[in-house]
Every structure is written in C-alpha cells, then in structure tokens.
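Each chain, written out:
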Amino acid sequence: MSKLRCHISISLDGFVAGPNQSEKHPLGEGGERLHEWVVPLAAWRQSHGEQGGEVNESARIVEESRDNIGAAVMGRNMFGPARGGAWGDEQWTGWWGDNPPYHYSVFILTHHPRNPVAMEGGTTFHFVTDGIKSALERATAAAGGKDIMLWGGADVARQYLAAGLLDELELHVVPVLLGRGARLFDNLANVQLEQVRAVEAPGVTHLKYRVVK
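This section reports on the structure supplied with the text. (Residues numbered from 1 in each chain as written. Predicted model: local features only at pLDDT ≥ 70, side-chain atom pairs only at ≥ 80, totals over all residues. Heavy atoms only, no water.)

Here the focus is the sheet that holds strand 6 (residues 124–128). Reading across the sheet, the nine strands line up as 5-6-4-3-7-1-8-11-10 and stay open at both edges, with mixed pairing between neighbours. In this open sheet, the two edge strands, each paired with only one partner strand, are strand 5 (117–118) and strand 10 (192–201). Where strand 8 (residues 168–174) meets strand 11 (residues 204–212), six bridges bridge the pair, whose relative direction is antiparallel. Bridge pairing in strand 11 places Glu 170 opposite Lys 208. Where helix 2 (residues 57–66) meets the sheet, it contacts strand 1 (4–11), strand 3 (69–75), strand 7 (147–150), strand 8, strand 10 and strand 11, and its direction lies at approximately 135° from that of strand 10. Helix 5 (residues 154–162) contacts strand 1, strand 3, strand 4 (105–109), strand 7, strand 8 and strand 11 of the sheet and is inclined by roughly 130° relative to strand 7. (Pairing = 2+ DSSP bridges. Helix = DSSP H or I, 4+ residues; strand = E, 2+ residues; numbered from the N terminus. Contact = heavy atoms within 4.5 Å. Axes fitted to C-alpha atoms, helices over the stretch in contact; angles between N-to-C directions.)

Set out below in structure tokens:
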C-alpha cells in the first residue's frame, strides 16, 4: 500500500525556511544553512547531474528517501517565487532547470489553474486547485503502487499532518537558529508521532517518525 512520506530539514527552533522567501532567497534569508549538510553529498550531487561528493551517514538517508517513490506533492511556494494572484509568467517551470531531479509526476497545490508542464527526464508538473486530498489521490494513482513524497513547504506539510494523511515524517535537524520564518509545527497539538530511529551525521541529526493514526 502506498505511503505518504515527508523528508524536511528543520532548524533547532522549528523553522524549515527563513523569513522573506523570494526568487533571490528561495529558502528565505538564512534558510540555505538548513541544507548545507546535503549539498556536498555524492548522493545529492549525482541526482543533480554532478560528479563526486562526500559519503557519510547522511548518504544512506538521502538514498533511502528516494527509494520506491512514484510521485510527489508540493506547495506552490516551493515550486516558485510567485506569491498571490495568478501565475503571471507562464514560462516559470521551477527552480531546477530543464531536467528536474524528480523524474516522476509532481502535483503542485495552488489556487490558480495551469496546464501540466512536461520537463526532461520524466518529470511532469500538475497543478491541483481542489485541495490536499485531491492532490494525494491523484499522486497515489500516478505512483502505481509506489510511495508518494511530500516535498513541502511548511504550510503544506502542516496541512497533511493535521488532516491525518501523512504516514512518515523524517526531520533533518540542523544546529542553527533562524529566529523567524516558516515554522512547521504550529497548531498541531493532536498529532502523535512514534520515533522510528535517530541517526547522527556531520552537521545534522536525522529523526524518523511514524505518524500514529
């Protein structure tokens, strides 16, 4: 049975992005520090068409995160810098260039309709305007029995947690304090998590949880 899984980097004070996200600062001001642990890894570099890189305890976590994924869901703000209003520049096709690292269908949650965008390498971006359950249903159908990855950001992950639709959550806890930005765990008092494992690695601790239903 397909599972909805989420892997997300988070600061010690609970933020998954810094303040003032924009085209210049996709992860908000200071938010790039949340991903300094993953960018040097060989597993990450290879998925972005680069060679070389480090191999440590985090490599296993990154490789596992990609295993058995057949489709994904993400929020509009993760897909691009536009905030509010319609799409405007229809040429925007994400942060990742002509060949995004997904290679499966990705369902973008938005209030504004747009035709699907097919990219190189098998990635197709679909735009879903009728809510998180519809996006998950469509992603599940597209995944063909494999799991679905929830790529975030914070607001979308929080909605799926609150609705009881998320099955697994892996936090990559980075020893930085952002002070403000996009917080993951606001107003989630009724969500119960069961810890599955904890893995220490350079610059990050990986905490994996099963969502109790």
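After presenting the structure, the write-up continues.
A complete count under the given rule lists eight aromatic pairs for this structure. Aromatic pair Trp 96 and Tyr 102: ring centres 5.2 Å apart, planes at 80°, arrangement edge-to-face. In textbook terms, an aromatic cluster arises when at least three aromatic residues are bridged by ring pairs, as seen for Phe 79, Trp 96, Tyr 102, Tyr 104, Phe 125, Phe 127 and Trp 151. (Phe/Tyr/Trp six-rings, centres within 6.5 Å; stacked < 30°, edge-to-face > 60°.)

Moving on, we get to the pairing of strand 6. Of all the five residues making up strand 6, five are buried; the element is thus mostly covered by neighbouring parts of the structure. The side-chain alternation of strand 6 yields two buried faces, one formed by Thr 124, His 126 and Val 128 and the other by Phe 125 and Phe 127. Judged from the five bridges that link them, strand 4 and strand 6 form a sheet pairing that is parallel. Its bridge partner lying in strand 6, Phe 107 is registered against His 126. As paired elements, strand 5 and strand 6 share two bridges and run antiparallel to each other. The residue bridging Ala 118 from the neighbouring strand is Thr 124, located in strand 6. (Buried < 20%, exposed > 50% of the residue type's maximum accessible area, 1.4 Å probe, protein only.)

Moving on: the environment of Asp 98. Inspection of the secondary structure assignment puts Asp 98 in the loop between helix 3 (76–79) and strand 4. For Asp 98, a relative accessible area of 56% translates into the label exposed. Taking the C-alpha atoms as reference points, Asp 98 and Met 74, 24 residues apart in sequence, are found 18 Å from one another. Excluding residues that lie within four positions of it along the chain, Asp 98 makes contacts with Met 119 and Glu 120.

On inspection of all chains with the given rule, the structure shows 11 salt bridges. Its salt-bridge partner being Lys 3, residue Glu 168 comes within 2.7 Å of it at the nearest N-O pair. One end of the pair, Glu 168, is in strand 8; the other, Lys 3, is in the segment before strand 1, and 165 residues separate them in sequence. The class of Glu 168 is buried, set by a relative accessible area of 17%. Its salt-bridge partner being Arg 197, residue Glu 170 comes within 3.2 Å of it at the nearest N-O pair. Here the residue Glu 170 occupies a position in strand 8, and Arg 197 occupies one in strand 10, the gap between them amounting to 27 residues. (Salt bridge = Lys/Arg side-chain N within 4 Å of Asp/Glu carboxyl O.)

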